[in-house]
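Spelled out from the first residue to the last, the chains are:
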Amino acid sequence: MAGWVAGAGGAAQAQGLQVDGQIGYGLNHRNHQVGGGRLTDLNTAAVAVSYLGLYGREDLGVGQSVVYRLESSLNPATGEVGKTFAGSHRYFDRQAYLGWEHQAGASLTLGRQFHAATERIVYSFDVLLRAGANVHLSPTALYGLNSYQGYDGRVDNAVKLRLGHLLQGTTLAASYGTGLQDGARPRGASHSWELSHVQPQAYAVGLAYVRYNATAPIPGTDQWPNNSFWTWGLNWTWGAVRPYVAYYHSRLTPSATGVDWVNRIWGLGLRWQSSERFVWRVAHYRDQGLGLDHVAGRDGRKVTLVLLGEYLLSPHTSLYGLAARNTLAGGYLTEPVASSALGRDSSARALLFYSIGINHRF
């Protein structure tokens with residue numbers, strides 16, 4: 001994800017077709033896996049997803065440009081290209097959009113892309129830049145993923161309007177995903193907005209919201225559930241240190257049980273560049289879940305701690321090492337979604353994840 005952010009900035013400067021991306025590979029180790037064992041594997045780097053991006057712009061004059069981006073995930077372990085959270089294969093699974101941009105900061109983009117809220121989290125709220133390639137590094141409910149369509153982080157058939165550089169650093173953005181039309185009712189439609197104020201070398205603060213509608217009603221009823229998600233966050237520069245603070249609130253309205261599933265998550269982070277070549281990050285997430293899986297009384301807590309160190313071999317290549325710990329309590333010990341994603345053995349209350357590897361951005 002860090003590479004994606006850098007790539008988006010590069011697109012704003014380039015003319016014609018450009019290529020960017022990232023390749024990462026790491027040795028990963030997990031304990032307390034299903035059956036009580038451990039798992040060690042070689043796979044794409046845990047700290048950032050490998051991807052290939054094609055982007056560009058055409059100058060239309062009078063400060064206006066046509067912009068586009070085609071972006072596909074990569075798995076350097078197998079050579080696979082393009083795979084969504086839902087498991088389906090698409091060549092450009094990450095982003096595929098075309099749009100208009102004005103040098104004053106306004107843009108309008110059409111296609112598969114991030115919602116406005118997700119972009120703000122990437123830019124300002126999370127010290128890891130939402131780069132983790134697995135759930136050992138972040139709570140399942142974090143970042144407002146679409147739980148009705150495979151926990152995807154992007155939205156198909158979306159239009160996004162961004163008004164930047166307002167009031168010397170204020171940005172307002174809104175986006176809408178059409179979903180699938182079913183007569184007069186849009187199945188799976190979604191919308192989002194964000195409002196932020198950013199001074200790049202000093203601080204960033206913002207508020208964001210996203211709502212996803214279900215793709216089908218509750219069986220036997222005409223009730224259509226939805227997943228609403230709102231968040232606020234900030235970061236600021238303090239010498240060589242940059243602290244991050246954010247709060248995330250997710251609510252899935254009733255299933256057949258009539259119980260809301262709510263996640264209240266605090267995220268704290270710290271980035272420290274201790275020297276020209278060493279960068280350190282620490283992230284702490286505290287997820288309080290209520291009515292987990294829409295089960296009354298199934299309340300629990302999951303705490304995630306991530307420690308990450310990077311050594312910069314060059315401006316484009318780095319070595320990394322990380323350790324992550326997930327501790328579960330209460331209803332999270334019987335909640336199947338998080339346990340399955342973590343590969344947790346049913347008797348374990350805490351899991352450790354380690355990874356060492358290399359990343360190259362191009």
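Residues numbered from 1 in each chain as written. Predicted model: local features only at pLDDT ≥ 70, side-chain atom pairs only at ≥ 80, totals over all residues. Heavy atoms only, no water.

1. Observations concerning the overall build of the chain
So, point 1. For the chain, the helix and strand inventory stands at 3 helices and 20 strands.
So, point 2. Here the chain has a C-alpha radius of gyration of 20 Å; the compact-globule value for 362 residues is 21 Å, and the two agree.
So, point 3. Across its three principal axes, the chain shows a C-alpha extent of roughly 60 × 55 × 40 Å.
So, point 4. Counting the 362 residues in the chain, one finds 48% classified as buried.
So, point 5. Pairs at least 24 apart in sequence give 58% of the contacts found in the chain among residues at least 6 apart.
So, point 6. Here the chain displays about 16200 Å² of accessible surface, and carbon together with sulfur accounts for 61% of that area.
So, point 7. The average position of the 30 basic charges and that of the 23 acidic charges among the side chains of the chain differ by 6 Å. (Helix = DSSP H or I, 4+ residues; strand = E, 2+ residues; numbered from the N terminus. Rg over C-alpha atoms; globule rule 2.2 N^0.38 Å. Buried < 20%, exposed > 50% of the residue type's maximum accessible area, 1.4 Å probe, protein only. Contact = heavy atoms within 4.5 Å. Areas by Shrake-Rupley, 256 points an atom, 1.4 Å probe, with all protein chains shown as cover. Lys, Arg positive; Asp, Glu negative; His and termini not counted. Charge placed at Lys NZ, Arg CZ, Asp CG, Glu CD.)

2. Overview of helix α2 (residues 116-125)
So, point 1. Counting buried positions along α2 gives 9 out of 10 residues, so the element sits mostly inside the fold.
So, point 2. Of the positions making up α2, those classed as buried are Ala116, Ala117, Thr118, Glu119, Arg120, Ile121, Val122, Ser124 and Phe125.

3. A look at unusual backbone geometry
So, point 1. Even without being glycine, histidine 32 reaches a positive phi, approximately 50°.
So, point 2. Even without being a glycine, asparagine 157 presents a positive backbone phi close to 45°.
So, point 3. Turning to its location among the elements, asparagine 157 is positioned in strand β8 (residues 155-166).
So, point 4. Judged by relative accessible area, asparagine 157 falls into the partly exposed class, the value being 49%.

4. Observations regarding the nonpolar core
So, point 1. Residues Leu128, Tyr248, Tyr320 and Leu322 are the most contacted members of the largest nonpolar core, which totals 26 residues.
So, point 2. For this core, the secondary structure elements donating two or more residues are α2, β13 (203-213), β15 (241-252), β17 (278-290), β18 (300-312) and β19 (317-330).
So, point 3. Filtering out sequence-adjacent residues up to four positions away, leucine 128 remains in contact with Leu137, Arg281, Ala283, Tyr285, Val306 and Leu308.
So, point 4. Core analysis: the next-biggest nonpolar cluster, separate from the first, contains 8 residues, Leu252, Leu292, Ala338 and Leu342 among them. (Core = buried A, V, L, I, M, F, W, Y, C linked by side-chain atoms within 4.5 Å.)

5. Digging into the pattern of salt bridges
So, point 1. For the coordinates displayed, the defined rule picks out 16 salt bridges.
So, point 2. With a shortest N-O distance of 3.0 Å, aspartate 20 and arginine 69 are connected by a salt bridge. Of this pair, aspartate 20 sits in strand β1 (residues 18-30) while arginine 69 sits in strand β4 (residues 64-75), placing them 49 residues apart in sequence. Both residues of the pair, aspartate 20 and arginine 69, belong to the buried class.
So, point 3. Across the pair glutamate 194 and arginine 162 runs a salt bridge whose closest N-O atoms are separated by 2.8 Å. Of this pair, glutamate 194 sits in strand β12 (residues 190-199) while arginine 162 sits in strand β8, and the two are 32 residues apart along the sequence. Arginine 162 carries the same exposure label as glutamate 194, and that label is buried. (Salt bridge = Lys/Arg side-chain N within 4 Å of Asp/Glu carboxyl O.)

6. A look at the environment of alanine 173
So, point 1. One can find alanine 173 in strand β9 (residues 170-177).
So, point 2. Linking alanine 173 and glutamate 101, residues 72 residues apart in sequence, is a C-alpha distance of 13 Å.

7. Details of the pairing of β8
So, point 1. In the sheet, strand β7 (residues 106-113) pairs with β8 via 7 bridges, with the strands oriented antiparallel. Pairing of leucine 110 across the sheet is with valine 159, part of β8.
So, point 2. Across 7 bridges, the pairing between β8 and β9 is antiparallel. Directly across from arginine 162, in β9, lies its bridge partner alanine 173.
So, point 3. What sits between β8 and β9 in their antiparallel hairpin is a turn of 3 residues, with leucine 167 showing a positive phi close to 50°. (Pairing = 2+ DSSP bridges.)

8. Some words on the confidence of the model for the chain
So, point 1. Residue-level pLDDT values for the chain average 87, and 90% of them are 70 or greater.
So, point 2. Overall, residues 1-14 carries pLDDT values under 50, and its contacts beyond four positions in sequence, including any with other chains, amount to 36 contacts. (pLDDT = per-residue confidence, 0-100.)

9. Some details on the side chain of arginine 57
So, point 1. Structurally, arginine 57 can be placed in strand β3 (residues 51-61).
So, point 2. Within the structure, the side chain of arginine 57 is placed 3.0 Å from the side chain of serine 65, a separation counted as a polar contact.
So, point 3. For arginine 57, the side chain forms a polar contact with the side chain of glutamate 101, separated by 3.0 Å. (Polar contact = N/O pair within 3.5 Å; in protein donor to acceptor, adjacent residues only side chain to side chain.)

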